[in-house]
Structure formats: structure tokens, C-alpha cells
Amino acid sequence: MAVSDLVSQRAFAGVPRRGAATRLLEDERWLAAALLAPTAILLGLFIAYPFCEGVWLSVTDARVGVPGHFVGLDNFAALWNDSIFRVAVWNTFVYTAVASVFKLGLGLWLALLLNRSFRGKAFTRAFILLPFIIPTVLSTLAWKWMFDPTFSVINWTLFHLGLIHARINWLGDPVLALISVIVVNVWRGVPFFAISLLAGLQTVNPELQEAAAIDGARAWQRFWHVTWPLLLPVTMVVMLFSIIQTFSDFQLVYVLTGGGPANATQLFATYAYQIGVGTGLLSQGAAISLAMFPFLLIVVVVQLLYIRRVEVH
Amino acid sequence: MPRINRRKLLKLSGAGAVAARTGGLAAILAAGKAPAYAQGTTLHWLRWNDFIPQSDALLKNQITQQCAKDLGITLSVETINGNDIQARTTAAIQSGAGPDVICALNNWPQLYAESTADVSDIAEQVGKDQGGFYDESTSVANNGKRWLGVPWCIVGNESSYRKSWFEAVGHNKFPETWDEYRDLGKKLKAKGQPIGQALGHSFGDPPSFWYPLLWSYGGMEADKGGKVVLNSKETIESVKFGVAFWKDCCDEGGLAWDDSSNNRAFLAGTISSTENGASIYLVAKGAPDKYQDEKGQPLYKDILHGSLPKGPAGKFSYQLPHTNMLMGYGKQQDAARKFLAWVHSKPVYQEWFDSQAGYSVGATTAWENDPIWNKDPVMAPFRTVARGAQFPGYAGPPDRRAAEALSKYIIIDMYAKAVQGMAPEEAVQWATSELQKIYA
């Protein structure tokens, strides 16, 4: 063996061997792709694919067990003339708007109360979260009993207090049924607002409040000119998330009224379910679901723009 | 000794399995043990939550054990709310996986015709052995080309009513005409004992009351050729009567009722009469200490059954058919077919039929002769309810379009809209336009 061979072998042994994969990952472009791949696959499988499938279904005449043919925008044209769909659109906007306003108001009020010091504060804060923690179906079933046309505990209480003399038909009257589902949504959603806003309140420096108080600002002025501007970014994000969730709500209405009486409380999601899954008209159900998309897209764009603006500032 | 290689062994054992599979139920019973192919086979049977809980217990215990013994099949019986069966069926068909056999209600099999296996041989054999199927069972489970499922039973619907309350306002029997019923209902409601009727989106009670009301006035969804003819003087009259009947006689909470609400209301003594299966009576009879009338006597002793009154066009009824669909996506087709033949066979079905105590009449006429109908005179009216029962789509065919109209609750909502204040003519016009979209 030549001396030069020995030297080169020793020198080679001193450098760790690099596999093809290692060399590939040292390239930033490949590394970035590898790191993004799991997320991309998950998003593709669970969001992009169902969405594309939904879009495709909405432009076919597919029924359960029948793939269907391309029919263009026929399903959307049919929706335009569907009186129940118009009711569902109106209900969804009313439901979202009224419930969101009440959730914000009550949630903020509760957050301000919980931000004070009092005995049992930790317990109260945990207790407040209960409506949010209990599975929606379970809590809504309890509400269903409370609004039951025959055995309503609310009616029983009002009757025994002498406040009513005839039974209130909570879920059988179209207007009262819509009010009832909004009440339950507010009850369930307030804790989310309260806890999120409480977290926001705790980031407000107390010295700012003290300084304002020394300058003679009253409680309302301190809230409006100091607390509220600092709380606004959190409030915006919470509000936008809540709007998206409320707009596409399903289980609460499905359990409480099933969209009734006579479709008076149908929302986009419940009507899409009744047509697409219940009746098996998949294409029409998909078209109803997709009709939600433009509004939700606007909400998401607003949300992203706002978050970017806050980050810049 | 001839050499048997691995390939030949596989071929031989495969042939044995095929022989076992094609031998039929008779071969299995003659052999006295389950065929080897079925050992370890599990079948999933999806059904509603029965209003007679003993029947669910029987299926999940004794019948399941018997199935394992007779067929070597492990049966998994799943019971869910009847209103959720359609959603489960759709999900199973679209995903190509789910229960092997689904017991559909109403005319739902017509919606899933493309996704069910042909069970004509089993259905025809069962019909032949058991006196023939009722027309209603045939119309919902057969699309004119083949059997979409094997008819399982018909849940009889009659009006359960409080005998003493009716007598107190001068009626010793159930009214013969709608006008008599309204007159009676007015008096009862004035006493705080209204009639209770569901008028919401639920599979059983709302259609079983409101469709017969429509038909008894001469209203029809479609004519025999399938042309929508709902918008007629007769339909409008039926809606006008329905509104008046609702205001004068009914518990107005019924707009938010599901199929169990009237049971609870009747058992609690808040309503005097309701169109329902016999479950109210059977449950009250099963717990006489729990369900009592205002005098402290067992409630069941004050319950009788009567059929819905007649209108200008006659007397009609709507009974609730159940059909076992063998799903086309199932991987255990052969075992499932054996199971269907077995569970519909007289000895096995008899056990289940007995557990129903008259709540269900059979899907075939032979069960009218069962001794169960001689046990309790209060249950006797149910024995023949399935004869001449009418079904949605009438007078047109009870096909997929009729099933779609029922699943969308169009007729129910027509009455509900009128009850909520819409003019009867407008409500009928709305329902007609909805039907026309389906029948177009």
C-alpha cells in the first residue's frame, strides 16, 4: 500500500460522512419545503380537499349515492327562488348580529367585574367558564327542557311569581323561537368574551389608570379614554372569531328547534344539513353551504388586515 | 396418496366456503352449526330507538346471542333517534362504509334506491311465507323494478284518548267526523284538556295526522300520473279546517313537539287525545304505579284508541312502515343476506313481534292472526290498521319524489305556516310551488 493512500484514508475518516438527505436539508429551500410539508398536507387533506369537493358538488346534480352531472350554477339559481333559503339568510344575519352584540356587551361587563379584587375571585373565574366548557349539545338539551312547551321551568317560575297567566310558547312561536336560540347562544358565548377580554384587561398598565385618576378623570372617562383603546385590538380579534363561529353555528339550533317551527329558525348550516344530509340532495346542500362563503371571506380578510395593522403599529 | 400442494388446498377450501355460502338457511339449520365462512363475521344493524324499550333489549341480547348460535354471526345492533337515521344513511353511503343493514322508516328506501342491494329473493320469500305484504309495505320498499329492502313492520297509528274526559263532555266513543272531533276538542280545551298534536319536523306523529287530514278532504299531492295537483279547493278547505281545529282544540305548543313530546304530555295528563302509536298505553300499562290519573287510578285503564275521523272524501290513515335495507357498500353481502332471511323468518320474528305487544303490526298479513290481538281489547283496533293505509305521494306513486317531499316536510309546513297566520290559500300556493320543484 502506498503512503499516499494511507494519508488520504485517514484524512477522509476525520470528516463526518454526510448522507444525501443531510446534504439536501442543508439547502434552505428544501429544508423549508420539508418543514412546511406536514402543515400543507394537513391543510390540503382536511381543508382544501373538502372545500374543493364542496365546490364541485354545488355545480352538479349529485344526490346521495348518485354522482351527478355538471349543471353549472343551476343550484344557486334555485336558491335564489327558495323562500326557505331567504328565511335562513335573514335568520343567520339577525342571529349573528344580535348574539354578537349581546356577547360583547355582557362579556365586557363581566370582564370588568372579574378584573376587580374580591374574595373567591379564582373560583368565580373558573365557574364563569362552565357554559363554554359543557358540550354544546348537552347544555342545549337542558335549555330545551327549560323552553319545553309543556314542562318549561321558566314558564312555571313566571306563572308562580304571578308574572304570566298563560303559557309562553317559547319554541312554538317563530319570533320567540329565534329569540330563544339567540339567548342560548349568548349564554354560551359570553364566557369566551369575558375571559378573553379579562386577559386583555390585565395587560393594561394600572399606572395609566392611576395617572388618569390623578388628573381627575371619572370612572367612565378612564374606561373610554384609557382602557377601551388599549383593549380594542383584543376585542376586535375576539369579535371576529365569534362572528365566524356564530354565523356558521349548527348544533345549538339543530338541538333546540331543528330549524322549526316551520323553518322559522333555519340558519345556513341547519338548512344545508336538512337538504344535503337529511334529504340526500348533496348538491343543493353544498350550494347552501357555499352561499356562506362570501360573507365569511370578507370577515376573514378584515380580520387579517386588522391583525397586520396592529402588528405594524 | 396424491400430493396436495398449497395452491390446491386453497382452491378446495375456497370451494367449500362457496358451498357453505350457497347452501342457504336450510343447509345451515340442517348442519346444526354455523358455516365456517361466517365464523367471526360481524354485522352492524342500525335501527331507531324503539318506543318499546323491551324490544331493543331483546334484539341486543337474546336475538344477538341466537344469531351467533344459529348463523355464527356476531350481530351489533345500534339504536339511534329515528330523526337521525337519514343523516347516518347519507354519511354511510357517501363514505362507502357503515352499517350493513339499516332499518329505514317511512318511504326513505326510495331515496336510497341506487345504494341498496337487491333483496327481491328474500322479500318475496318472506311475503310468500307470511301471507303477503300490505300494500303500504310494498309501495315504500319496492320501486317497481326490485325490492329495495325487506319490509320489517308497520307501527300502527291510532288516536289515544282519555275515556273519562271524553265522557265528561258527552262523547262515549271516538268521533266519526272531523266536525264532531272539533266540537269535542273545543269543549275539552275550554276545560284545560286540549288535544295534543305535533306540527313540527319529526318523522312520525306530524305526518300521521296531517296527511290523513289532507286526504280526507280530497286534497292530494299529485295525481296518478305524477302531476302536482295540491293547489285545489279541497286542500284549501283542509287547511282552513286545520287552522280552526288547531286554535279551537289543540295544545299550541305542538308546533315545537317531536315524536316523544305528545307521549310525555299525555302521560303527564296535560292532553286528552293524540294521534300516536300504542306506546302511550303500553308504557302506562307497564308502570301502573307511576302513571296514574287525577283520581289516583292507573292511567292505562282510562285510555282507549280510535281511528282518525272521516272528512268529505272519506276516512284515511297513515301508518309508519319500517324496511330493512341491505346496503350496497357492505363487505359482508352474503352473510347479511343470510341474516335478513333468518331475522325475518317466522320463529325469530315471532320473538320480536311478541315483545312489541301490538305496538307494531307485521309487514305481512299473517300477523293479524297472531293470538296477541286477543290478549287486550284496548289493543284490538291496531290489528288491522295497516289495511288500506295511504302513503305520501298519494294519489301519485310513492316514489323518490314523494319521499323527498316528505323529508322536506312540505305538507307539514303548509299547515304550520297557516297555523302561524299565513292565509290558507297562500300556504297551499307555497307548498304547491315546492312540490312542483321536486316533481319537475
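Structural data are supplied above this passage.
This section reports on the structure supplied with the text. Please read all numbers here as calculations on a predicted model, not as lab measurements.

Conventions used here
Residues numbered from 1 in each chain as written. Chains lettered and ligands numbered in written order. Predicted model: local features only at pLDDT ≥ 70, side-chain atom pairs only at ≥ 80, totals over all residues. Heavy atoms only, no water. Helix = DSSP H or I, 4+ residues; strand = E, 2+ residues; numbered from the N terminus. Rg over C-alpha atoms; globule rule 2.2 N^0.38 Å. Buried < 20%, exposed > 50% of the residue type's maximum accessible area, 1.4 Å probe, protein only. Contact = heavy atoms within 4.5 Å. Areas by Shrake-Rupley, 256 points an atom, 1.4 Å probe, with all protein chains shown as cover. Lys, Arg positive; Asp, Glu negative; His and termini not counted. Charge placed at Lys NZ, Arg CZ, Asp CG, Glu CD. Salt bridge = Lys/Arg side-chain N within 4 Å of Asp/Glu carboxyl O. Phe/Tyr/Trp six-rings, centres within 6.5 Å; stacked < 30°, edge-to-face > 60°. Lys NZ or Arg CZ within 6 Å of the ring centre and 35° of its normal. Pairing = 2+ DSSP bridges. Axes fitted to C-alpha atoms, helices over the stretch in contact; angles between N-to-C directions. Right-handed = clockwise from strand over helix to strand, strands pointing away.

The number of helices and strands found in chain B is 17 helices and nine strands. A compact globule built from 440 residues would reach a C-alpha radius of gyration of about 22 Å, and chain B, at 24 Å, matches this within 12%. Each principal axis of the C-alpha distribution contributes one length, and for chain B these read about 95 × 55 × 35 Å. Counting the 440 residues in chain B, one finds 59% classified as buried. Here the contacts in chain B between residues at least 6 apart in sequence split such that 76% fall between residues at least 24 apart. About 16700 Å² of surface is accessible on chain B, with carbon and sulfur atoms providing 52% of the total. One finds the centroid of the 46 positive side-chain charges in chain B at a distance of 7 Å from the centroid of its 46 negative side-chain charges.

Now for the overall build of chain A. The secondary structure content of chain A amounts to 16 helices and zero strands. Taking 20 Å as the expected radius of gyration for a compact globule of 313 residues, we find that chain A reaches 28 Å, considerably beyond that expectation. For the C-alpha atoms alone, the extent of chain A along its principal axes is close to 110 × 70 × 35 Å. Here chain A, with 313 residues, has 38% of them falling under the buried criterion. Considering only residue pairs separated by 6 or more positions, chain A has 66% of its internal contacts joining residues 24 or more positions apart. A total accessible area of about 18300 Å² is found for chain A, and carbon and sulfur atoms account for 71% of it.

Residue and element names in this part refer to chain B. Within the element layout of this structure, F266 appears in helix α11 (residues 261–267). Separated by 194 residues in sequence, F266 and G72 place their C-alpha atoms 44 Å apart. Setting aside chain neighbours within four positions, we find F266 in contact with S160, Y161, R162, I271, S272, S273, T274, I280, L299 and I303.

Within this structure, the stated rule accounts for 22 salt bridges over all chains. In this structure, the salt-bridge partner of D258 of chain B is K144 of chain A, at a minimum N-O distance of 3.8 Å. Here the residue D258 of chain B occupies a position in the loop between α10 (233–249) and α11, and K144 of chain A occupies one in helix α8 (residues 136–146), the pair thus bridging two chains. The closest approach of N and O atoms between K285 of chain B and D376 of chain B, which form a salt bridge, is 2.7 Å. Of the two residues, K285 of chain B sits in helix α12 (residues 279–286) while D376 of chain B sits in the loop between β9 (360–362) and α15 (400–407), which places them 91 residues apart along the sequence. Through salt bridges that share partners, R162, E294 and D302 of chain B make up one connected network.

Residue and element names in this part refer to chain B. Tallied over the full model, the rule gives 56 aromatic pairs over all chains. Aromatic pair Y281 and Y300: ring centres 6.2 Å apart, planes at 70°, arrangement edge-to-face. Residue Y281 is located in helix α12, and its partner Y300 is located in the loop between α12 and β7 (303–306); the two are separated by 19 residues in the primary sequence. Owing to a relative accessible area of 2%, Y281 belongs among the buried residues under this scheme. Site record: aromatic cluster; members linked through ring pairs are Y161, F166, F174, W178, Y181, F209, W210, Y217, F241, F245, W246 and Y415. The ring of W165 has R162 lying over it, and the distance from NZ or CZ to the ring centre is 4.1 Å. A cation sits over an aromatic face here: K417 above W430, 4.6 Å from the ring centre.

Bringing the sheet that holds strand β5 (residues 158–162) of chain B into the picture now. Residues and elements named next belong to chain B. Spatial strand order, β6-β5-β7: three strands in an open sheet with antiparallel pairing. The sheet is open, and its two borders are formed by β6 (273–276) and β7, each paired with just one other strand. Between one strand axis and the next, the sheet turns by 30° as a mean value, whatever way the strands run. Sheet topology places β5 next to β7; four bridges connect them, and they run antiparallel. From the neighbouring strand, S160 faces β7, where its bridge partner is H305.

To continue, consider the pairing of strand β2 (residues 73–80) of chain B. Residues and elements named next belong to chain B. Across eight bridges, strand β1 (residues 41–48) lies against β2 in parallel orientation. Residue pairing in the sheet places W48 in a bridge with I80 of β2. Between the parallel elements β1 and β2, the chain passes through helix α3 (residues 53–71) in a crossover that is right-handed.

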